[in-house]
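# Report on the structure
Residue-level listing of the chains:
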Amino acid sequence: MLSLILWEIRRRVGTIVGWAIGLGAFCAAHQLIYTALPDEVRRIDVRALTLLESLGMQTFATFEGFMLSTALNLLPLLTGALGVALGVGALAAEESDGTLEWLASLPISRTRLLLGKAIAAAFVLLAIVALAGLITAGAFLALSPETPVTAADLFLVILVNWLIGFVFLAISLFLGAYLPTRGAATSTSATALLVSFLGNNLAGMAPAMEPYRTLLPHFYFDRITGMWTGEVGWLDMGTLAAIGLGALLLAFSAFTRRSLTVAAWPWQRPRPPKRLRTIAATAGGTSSGPRALASTIVALLGLALLAAPVAAYRELAPVVPTPLPTLPSAPTATPLSPTATSAPTTEPTAVIPPTSTPTVTPSPPPTATATITPAPTATPVTYTVQPGDTLAEIAQAQGVTLEALIEANNIEEPSRIEVGDVFIIPLPPAE
Amino acid sequence: MTPEAEEPSAEAPIEEPAAEIPIAEPPAEAPDVAEDLVVETESLTVYYGRRRGIAQLGLAVRRGEVYGFLGPNGAGKTTTLRVLLDIVRPTLGHASIFGLDCQRHGVAIRRRVGYLPGEFSVYPKLTADAYFNMVAAIRGEPYDEAYRRTLTERLNLDPTHPLHTYSRGNKQKVGLVAALMGRPELLLLDEPTAGLEPLVQQQVLALVREARSEGRTVLLSSHNLPEVQAICDRVGIIRDGRLIAVEEVDALVRGQYHRLRLRFEHLPPAGLLEEAGAREVGRTDQDVMIEVRGSLNQVLTRAVEYGVLDLEDHPFTLEDVFLAYYGAGTIEPYA
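Quick caveat: nothing in here was measured; it's all calculated off a predicted structure.

Now for the overall build of chain A. A tally of regular secondary structure across chain A gives 21 helices and two strands. Residues classed as buried in chain A amount to 48% of the 431 residues present. Long-range pairs, those at least 24 residues apart, make up 74% of the contacts in chain A with a sequence separation of at least 6. Just so you have it, chain A exposes about 20000 Å², and 68% of that area is on carbon and sulfur atoms.

Bringing the overall build of chain B into the picture now. Scanning chain B from N- to C-terminus turns up 14 helices and 15 strands. Out of the 335 residues belonging to chain B, those deemed buried represent 51%. Of the contacts made within chain B by residues no fewer than 6 positions apart, 68% connect residues no fewer than 24 positions apart.

A word on the sheet that holds strand β9 (residues 217-222) of chain B. All names here are of chain B. Spatial strand order, β7-β8-β9-β4-β10-β11: six strands in an open sheet with mixed pairing. Either end of the sheet is taken by a strand with one partner, and the two such strands are β7 (113-116) and β11 (242-248). Direction aside, the axes of adjacent strands within the sheet are offset by 15° on average. The pairing of strand β8 (residues 186-190) with β9 spans five bridges and is parallel. Within the sheet, the bridge partner assigned to Leu187 lies in β9 and is Val218.

Here we come to the confidence of the model for chain A. Residues and elements named next belong to chain A. On average, residues of chain A score 76 in pLDDT, and 72% of them reach the 70 mark or higher. Confidence drops under a pLDDT of 50 for residues 282-287, and excluding neighbours within four residues, the segment shows four contacts in the predicted structure. Taken together, the stretch residues 317-379 has pLDDT below 50 and engages in 76 contacts with residues farther than four places along the chain or on a different chain.

This part is about the confidence of the model for chain B. Should pLDDT be low for a region, the predicted coordinates there are not to be read in detail. All names here are of chain B. With 81% of its residues at a pLDDT of 70 or more, chain B has an overall mean of 80. In the model, residues 1-34 has pLDDT below 50 throughout and makes 42 contacts with residues more than four positions away in sequence or in other chains. The low-confidence segment residues 328-335 (pLDDT under 50) makes 16 contacts with residues lying over four places distant or belonging to another chain.

Turning our attention to the packing of helix α1 (residues 2-10) of chain A against helix α6 (residues 128-139) of chain B. Packed helix pairs are characterised by how far apart their axes lie and by the angle those axes make with each other. Put simply, α1(A) and α6(B) touch, their axes get as near as 8 Å, and they point 145° apart. Contacts between α1(A) and α6(B) involve Ser3(A), Leu4(A) and Trp7(A) from the first element and Met134(B), Ala137(B) and Ile138(B) from the second. In terms of residue class, the contact of α1(A) with α6(B) is built from five nonpolar, one polar and no charged.

Residues and elements named next belong to chain A. On the surface, Val13, Val17, Ile21 and Ile135 cluster together to form a nonpolar patch covering roughly 320 Å² of accessible area. When residues in the nonpolar patch are grouped by element, the largest group, three residues, is from helix α2 (residues 13-35). Looking at the secondary structure, you find Val13 in helix α2. By relative accessible area, which is 43% here, Val13 ends up partly exposed.

Unusually for a residue other than glycine, Ser144(A) sits at a positive phi of about 35°. Position of Ser144(A) relative to the elements: it lies in the loop between α9 (110-143) and α10 (151-159). The phi angle at Asn156(B) is positive, at roughly 60°, despite the residue not being glycine. Here Asn156(B) is to be found in the loop between α7 (145-154) and α8 (168-180).

Moving on to the pattern of salt bridges. Residues and elements named next belong to chain B. By the definition in use, this model includes 28 salt bridges over all chains. With a shortest N-O distance of 2.9 Å, Arg234 and Glu65 are connected by a salt bridge. Of this pair, Arg234 sits in strand β10 (residues 234-239) while Glu65 sits in the loop between β3 (60-62) and β4 (66-70); the two residues are 169 residues apart in sequence, bridging distant segments of the chain. Note on Arg234: relative accessible area 0%, which makes it buried.

Moving on: the packing of α6(B) against α8(B). All names here are of chain B. With their axes 10 Å apart at the nearest point, α6 and α8 run at an angle of 30° to one another. Between α6 and α8, the angle is such that the two are roughly parallel. Considering how the two elements wind past one another, α6 and α8 form a crossing that is right-handed. Contact with α6, carried on its side by Ala128, Tyr131, Phe132 and Val135, involves Val174, Val177 and Ala178 of α8 and no other residues of that element.

Right, let's get into the environment of Arg293(B). Checked against the element boundaries, Arg293(B) lands in strand β14 (residues 287-293). Residues Arg293(B) and Ala278(B) lie 15 residues apart in sequence; the distance between their C-alpha atoms is 7.2 Å.

Residue and element names in this part refer to chain A. Evaluated as defined, the whole model comprises 11 aromatic pairs over all chains. A centroid spacing of 5.6 Å and a plane angle of 50° characterise the contact between Phe63 and Phe140, whose relative ring orientation is tilted. Here the residue Phe63 occupies a position in helix α5 (residues 63-69), and Phe140 occupies one in helix α9, the gap between them amounting to 77 residues. We note that Phe63, like Phe140, is buried. Through successive ring pairs, a cluster of aromatic residues spans Tyr34, Phe60, Phe63, Phe66 and Phe140.

A few words on helix α6 (residues 71-90) of chain A. Under the 1.5 Å per step criterion, the end-to-end length of α6(A) is 28 Å for 20 residues, consistent within 8% with the ideal 28 Å. Most of α6(A) sits out of view: 15 of its 20 residues are buried.

Residues and elements named next belong to chain A. Structurally, Thr147 can be placed in the loop between α9 and α10. Take Thr147: its relative accessible area is 19%, and that puts it in the buried class. A distance of 2.9 Å separates polar atoms of two side chains, one belonging to Thr147 and the other to Glu64. Look past the residues within four positions of Thr147 in its chain and what remains in contact with it is Phe63, Glu64 and Phe140.

In this section: the environment of Gly64(B). Residues and elements named next belong to chain B. Mapped onto the fold, Gly64 is located in the loop between β3 and β4. Overall, the relative accessible area of 23% leaves Gly64 in the partly exposed class. Along the backbone, Gly64 and Asp36 are 28 residues apart, and their C-alpha atoms lie at a distance of 9.2 Å.

Moving on, we come to the side chain of Ser222(B). All names here are of chain B. On the secondary structure map, Ser222 appears in strand β9. Given a relative accessible area of 2%, Ser222 falls into the buried group. Within the structure, the side chain of Ser222 is placed 3.4 Å from the side chain of Glu227, a separation counted as a polar contact. The residues contacting Ser222, other than those within four sequence positions of it, are Phe69, Leu70, Gly71, Lys77, Glu227 and Val228.

Quick notes on the rules
Residues numbered from 1 in each chain as written. Chains lettered and ligands numbered in written order. Predicted model: local features only at pLDDT ≥ 70, side-chain atom pairs only at ≥ 80, totals over all residues. Heavy atoms only, no water. Helix = DSSP H or I, 4+ residues; strand = E, 2+ residues; numbered from the N terminus. Buried < 20%, exposed > 50% of the residue type's maximum accessible area, 1.4 Å probe, protein only. Contact = heavy atoms within 4.5 Å. Areas by Shrake-Rupley, 256 points an atom, 1.4 Å probe, with all protein chains shown as cover. Pairing = 2+ DSSP bridges. Axes fitted to C-alpha atoms, helices over the stretch in contact; angles between N-to-C directions. pLDDT = per-residue confidence, 0-100. Nonpolar A, V, L, I, M, F, W, Y, C, P; charged D, E, K, R; others polar. Patch = residues over 30% accessible without salt bridge, like charges linked within 9 Å, V, L, I, M, F, W, Y side chains within 5 Å. Salt bridge = Lys/Arg side-chain N within 4 Å of Asp/Glu carboxyl O. Parallel < 35°, antiparallel > 145°, perpendicular 65-115°, else oblique. Left-handed = near helix turned anticlockwise from the far one by under 90°. Phe/Tyr/Trp six-rings, centres within 6.5 Å; stacked < 30°, edge-to-face > 60°. Expected span 1.5 Å × (residues − 1). Polar contact = N/O pair within 3.5 Å; in protein donor to acceptor, adjacent residues only side chain to side chain.

What follows is the structure, given as structure tokens:
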């Protein structure tokens, strides 16, 4: 098996070099961009721009925030795509190309064949991510932007992307082992990746969707990057590893049980007409009973693996949908955990890194932001219209002028407001 | 027609109503000690969904023979070979090699088997040499470097180029060398000469013969009749997934039958040669085509009375065998 692993790795040296340079350059370029960023851009309140927030951006004000909003935000998507490419390439592509038939004719068991391929692909992924991290850390040292994080931190936060890549490697290995063609495996794996990445960002904005986020690998990954501030999300790492290993288990189950080179969907797989099956059973031929039992057990195991995180989440962090609280005005307090602001819990829990507790006290930002604070647009204290409210009463109760309220919310017909409308209450004018 | 007596399962599929076949077959495996079988399948059936791959196939390949697996495209030859290597799983029935179950002891079996896939695909960036090294490494056994070089030379293959620069024929040669170089006990060759130029084809046939002379066993599939005729000891004819006949090639082709075209000065009356033991199969105003089983003496003695101007031998070929089994028009002998 060792020779198979070595051969699989050697075959992909080009992939390693190409992807490592690509990802490294991607991160390095963003560091360069940050150092050249004008103050106006740094001052942009990304969270006020829903579109940008939905893309996972947090702040441009600090180096960590900027990197997490841009390069490090997209890196798990790119690493996931790399995982998909490696996973599909290892099985489905070889089956479509015809080389798998020949590999399977060698004296190596199906289990070892898949294990060798999985290990090799995981190693290739690791090599790529590590090299990209080294390139990025090198660029960091050369540019030395103003930030408390170190080059080693940056390297680690890139290295941890291996986990998300591994999860999608395992998922696409499973889909490649289960589905008949390269195309089917690629499209389903890529869809899973996009749903996970975009779904996590979008569901983060809707508290009702919160429990479903726990189905998405990127949810756990996002929380791992919280370790940049010192909290290491071991539980989340463990969850991701478990998802990956679970998918790998399914891949083994699918790959060792089916016929290869037969481009058939599961429901088209070899099954004799009923007539022949009953005859075979009476004649003492192969019985399908134990097999069916085994496959049911494997399927249940897979489901349990998927359901476990949902259950765990519900126990650890009951979601209490409350009206939006005041957003923290200090950007440094939030960038590492998008969950906290979008789905506020009443109290900090074990799963959510403590840094994410919404606070109103602005912790003093170390850099340029200190002189720029606070832009009035970034203070959305809100009020939801109750039955019987009028604009004037609201303004009076909130201690602002009616004009300010109308202006802040762009209300065109002040006499017509609806129950349930949400208004932003502007800050009282500075003395 | 001796082989049929030894192969009850090969005969069974000819009967049409499929439902009645399996009941008659005893489930007990009684290994035939008298016959040293290398490959043995019993009521092997593979369905692809509702589509049938092979049905009730009973194959028996003896140690040290070259067995030709003959049939048109899509008859189930490749499927059978894939089941033997545990690439495709049978729907019903089972297959064994060296007395070991193909599914349960796949690794042990494949260690002793060399396989040439019908559609041999390669990793494009490798050179053939690197490819051979990889095969040897994965097989995990020492192999004879000199023999490999001999093989590449005999097949006229330059192994130093990347595989994607090779033509279809050259790729086929790479696959052949990979299958042969470990001198495996059993060779499974799926259309080994397809796409090769005639001289190399001859070399391949020679290599197969050498394997047999070393006591190794060869199972090759083909739809190339002259080739099967030239090297095989026995042929199994497969049609629509069923093995419909197993014949000794010698008995079938070189043995008792003669087919002659006689040109006469005066055409003998119809039926006259048949009295002498010939069967008249065709006639023009000068020629008579006859088939003779056994001695030619009587027939020829009768024929010379009418002044034989010319005599042509039209030996029986497997194509005729094919026609006999398949009926005219359903074969594509030279693809």
